[in-house]
Amino acid sequence: MKAIRRFTVRPVLPDPLRPLSDLARNLRWSWHAETRDLFQSVDPERWAASGGDPVRLLGSVPPARLAELAEDRRFLRRLTAAADDLNDYVTGARWYQAQTSALPLAVAYFSPEFGITAALPQYSGGLGILAGDHLKAASDLGVPLIGVGLLYRHGYFRQSLSRDGWQQEHYPVLDPNELPVALLKEPDGTPAQVSLALPGGKRLHARIWLAQVGRVPLLMLDSDVEENDLGERGVTDRLYGGGSEHRLLQEMLLGIGGVRALRTYCRLTGHAEPEVFHTNEGHAGFLGLERIAELCAEGLDFDSALEAVRAGTVFTTHTPVPAGIDRFDRELVAHHFGPDAELPRIDVGRVLQLGMETYPGGEPNLFNMAVMGLRLAQRANGVSLLHGKVSREMFSGLWPEFDAEEVPITSVTNGVHAPTWVAPEVFRLGARQIGAQRTEDAMTVGGSDRWDAVADIPDQDIWELRRNLREQLVTEVRERLRASWRQRGAGTAELGWIDGVLDPDVLTIGFARRVPSYKRLTLMLRDRDRLMDLLLHPERPIQIVVAGKAHPADDGGKRLVQELVRFADDPRVRHRIVFLPDYGMAMAQKLYPGCDIWLNNPLRPLEACGTSGMKAALNGCLNLSVLDGWWDEWFQPDFGWSIPTADGAGTDPDRRDDIEADALYDLLEQRVTPRFYERGQGGLPDRWIEMVRQTLTLLGPKVLAGRMVREYVERLYAPAAHAHRTMDPDAARELAEWKSRLRSAWHGVTVDHVETTTAIATAELGTTLGLRVRVGLGGLAPEDVEVQAVSGRVDGEDRITDATTVPLKPAGGPDPEGRWVYEGPLSLDRTGPYGYTVRILPAHRLLASGAEPGLVALPSEDVVEAAGVLMR
């Protein structure tokens, strides 16, 4: 019989065990081994059955067992120690509190998904896992971050396979009362709520759930409340589900509702109001509109409010392809804003202006969330050096007169939260070497360029660790494979072969990620005979563990999954290659440490960062990857292999796949497998162990989320907080008025004449030329602009590369025609083909960069010809 109503009955803990509830409600347990060990000791079988979730565990422990533990002095000592440790962790000073510069009092971090733990399944892939790691690292460092997201009642889908290998999706209902979250409540005990206005006089209401991630509160909005109609209740039903309007409402709730939730949380708890707002991808971009509306309600005009909001906003883009960005029809957006809907006091035209693709190559009828994110943020970044470059090119239409390298988008390379992803065995090996506290500090705070203590770990210990982790993975794979085949309809009698799947002494390759076409899940199948030879080699076999989900609407991705599953089902190779369905955090935490090689073969440069290889590296796994994302930045032959790419413009996709698959097979056959299997005098694979050692020593400190968050604090949050404090209402009005005056006058800004004051018949290295430039400022004053000489080597088309800029100074006042003369030196500091030009940029003390307004004046063709700007 089916229940007509469901509710959660909470256990009543005996007084001595009350701290267990606090420990279970703070998600630090998900990365703190001692706390997990404590919960496991409550009831090891129920701990396993709960999937390692303390809230579910405590809900299932019989009262008799709780009473027994309440009398167990040894358990109570461990409980007191764990509770004291958590209290020290959340209240004590950490890295952030030791900094001397003026850092923000609080930072708000908005993301559509957060991957904190498998017990809180609110993530689909890399974006969410990165956001979760960002929160955990901020907590470890003491950064006063507040996370803001949505609570999805179905999370992301669970994946299983049909008998013929087709992906099937399931959406289990999540009851927040059974999750490690708590309702945010008003002083009278009623649930705190926010609401949004919808067209036609309706409203969208949402409750606020609070997840405590160490020191960091995470606010999650949930529209499944009684005050909403059925349609509105479903707004937070699924992660990335529904059509355009559904997605738009989710993103309005995340951005606008998220700011309102944040204000409510700060009012109720006394937490400092955020000075910096960090938008993790475009989904949360509407947060800037709500903040503009707040300032307009306090008396600022729209343009001044926009400048004030931009000053304290950081925008991170994660996609290297336009197709990965949410874009909405302008009429749909217009329908949801204005007098009859949300933000009624803001002109709908101003809202649309922020997101419309009104630039060369854009689609003027589409509202682009990333474009709005960039227009609403004074600081923006990609997530690896290469991705920063790709992003500058992708969004260069917003700065049409600038070379792509000058587009104001920097990069902070992603990192991963070591305490979450490092196997306990790896941590213990480090602790044995340098002590538990130093190992924990090295993995959380970071700060060193090398982990030199790894050099002192004996080869034998490293190799035993690697085999132990491989053996654990083999056990895990067999359990998951057996469960998958039962879901596919197989009987127990058919599954005896699973006991022989994988071998703890065989080179193990992992490949696990989402399955869009550009990640090329099936590149390894390009030449099946060669792959079979590698899998079944008599002396040097390989084995491969594959996992990944295709988006529910992506039939092409599902066909790739099915193609790989059918190959892995072949009785000739099924003991050497497996596909594990339902890839998620729980699986990943066994998969990364247990592999010897982490394979990544995307189409370059379509991988923004690719953090799975970082997690593998922290466990001593070597990377075998296309030079994309973070691997392009940090690859060295000491700790992995690069797969050559055939990314020339003339190579068709099929031919490219053939070339790159051949390169992959060649590497495996000729370099990877021989190194794994060759033995030195002591019977160990000495050269392989040395590569593991180099991976841990050199890559380990780089790939940390602690390093990443410190970079955000120093390079983006601190400058944004300074700009926010500087941008008081008067400064915001000043900047808005100046930009308005600048735009109306800019058509009159010209470079009229350029000459050198030194003869340059023989241009030798070290020569200094004198430049003299006549410019028109169109009614602007010299303090409104910077006149620059731009010089450097030139390519075959006379484009300046690796440019150096030098400001020129006005020589006296304006001439009778109102023109100004600027002068300055130009040093010839490089040999070879060399050139220079002159340009004029806006200049103001409140700009983050001269490129910010997107305006530049360059010499006309006539001036260029007269100036003789090239030297060869």
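Located above this text is the structure these notes cover.
Values in this document were obtained by computation on a predicted structure and should not be read as measured data.

Conventions adopted
Residues numbered from 1 in each chain as written. Predicted model: local features only at pLDDT ≥ 70, side-chain atom pairs only at ≥ 80, totals over all residues. Heavy atoms only, no water. Axes fitted to C-alpha atoms, helices over the stretch in contact; angles between N-to-C directions. Helix = DSSP H or I, 4+ residues; strand = E, 2+ residues; numbered from the N terminus. Parallel < 35°, antiparallel > 145°, perpendicular 65-115°, else oblique. Left-handed = near helix turned anticlockwise from the far one by under 90°. Contact = heavy atoms within 4.5 Å. Nonpolar A, V, L, I, M, F, W, Y, C, P; charged D, E, K, R; others polar. Pairing = 2+ DSSP bridges. Buried < 20%, exposed > 50% of the residue type's maximum accessible area, 1.4 Å probe, protein only. Core = buried A, V, L, I, M, F, W, Y, C linked by side-chain atoms within 4.5 Å.

J.: Honestly, the packing of helix α17 (residues 424-434) against helix α18 (residues 436-444) in this entry has me stumped. Any pointers?
T.: The relative placement of two packed helices is expressed as an angle between their axes plus a distance between the axes. Relative orientation of the contacting elements α17 and α18 amounts to 120 degrees, with a least axis distance of 7 Å. Classified by the angle between their axes, α17 and α18 sit oblique to one another. α17 and α18 meet at a crossing whose hand is right-handed. Together, Phe427, Gly430, Ala431 and Ile434 of α17 and Ala436, Arg438, Thr439, Glu440 and Met443 of α18 make up the contact between the two elements. Partitioned by chemical class, the residues of the contact of α17 with α18 number five nonpolar, two polar and two charged.

J.: Would you take a moment to explain the sheet that holds strand β26 (residues 819-827) for this structure?
T.: Hydrogen bonds between backbone atoms are what pair the strands of a sheet, whose relative direction is either parallel or antiparallel. Pairing in this open sheet of four strands is antiparallel, and the strands run β21-β22-β26-β25 from one edge to the other. Edge positions in the sheet fall to β21 (749-756) and β25 (809-810), since each has one partner strand and no second. Here two bridges tie β25 to β26, and the two strands are oriented antiparallel to one another. The residue of β26 that forms the bridge with lysine 809 is glutamate 823.

J.: Help me out: how do you make sense of the pairing of strand β9 (residues 276-280) in this one?
T.: Where a strand is regular, its side chains alternate between the two sheet faces. Burial of β9 is extensive: five of the five residues sit out of reach of the surface. In terms of strand pairing, strand β1 (residues 107-110) meets β9 through four bridges, oriented parallel. Note on β9: the bridge partner recorded for phenylalanine 110 is threonine 279.

J.: Mind showing me how you'd approach the environment of valine 148 here?
T.: Examined against the element boundaries, valine 148 turns out to sit in strand β2 (residues 145-150). In the structure, valine 148 is positioned 493 residues away from tryptophan 641 in sequence and 39 Å away in space, judged by C-alpha atoms.

J.: Which parts of the structure should I look at to understand the nonpolar core?
T.: Looking at soluble globular proteins, one finds that nonpolar side chains tend to be buried together. Counting residues in hydrophobic clusters, the biggest one holds 107 residues, and the most contacted among them are Met524, Ile544, Ile597, Leu624, Trp641 and Trp688. Membership of the second largest hydrophobic core comes to 60 residues, among which are Leu196, Leu253, Leu254 and Ala293.

J.: Where do I start with the packing of α17 against helix α19 (residues 459-487) in this structure?
T.: Interhelical geometry of α17 versus α19 gives an angle of 160 degrees and a closest axis separation of 10 Å. As far as their axial angle goes, α19 and α17 are roughly antiparallel. In the packing of α17 onto α19, the handedness of the crossing is right-handed. Listed contacts from α19 to Glu425, Val426, Leu429 and Arg432 of α17 are Asp461, Leu465, Asn468, Leu469 and Gln472. Here the contact of α17 with α19 is built from residues that sort into four nonpolar, two polar and three charged.

J.: I would appreciate a short explanation of unusual backbone geometry in the present structure.
T.: Trans peptide bonds make up the majority, and among non-glycine residues the majority have a negative phi. Omega for the bond connecting arginine 604 with proline 605 falls within 30 degrees of zero, at 5 degrees, which places this linkage in the cis form. Position of proline 605 among the secondary structure elements: in the loop between β18 (597-600) and α23 (612-617). One non-glycine residue, aspartate 802, lies in the positive phi region at around 50 degrees. Take aspartate 802: it is sitting in strand β24 (residues 800-807). Among the residues examined, aspartate 802 registers a relative accessible area of 57% and is labelled exposed.

J.: For this particular structure, what's the right way to read the sheet that holds strand β16 (residues 542-547)?
T.: What the six strands build is an open sheet, ordered β17-β16-β15-β18-β19-β20; its pairing is parallel. Strand pairing shows two members of the sheet lacking a second neighbour, β17 (577-580) and β20 (640-643), which therefore form its edges. This sheet shows a mean twist of 20 degrees between the axes of neighbouring strands, independent of strand direction. Bridge count for strand β15 (residues 507-512) against β18 is two bridges, and the pairing is parallel. Residue pairing for β18: glycine 510 is matched across the bridge by tryptophan 598. Each of β15, β16 and β17 touches α19; the most contacted strand, β17, lies at about 60 degrees to it. Each of β16 and β17 is contacted by helix α20 (residues 528-535), which is oriented at about 115 degrees to β16, the strand it contacts most.

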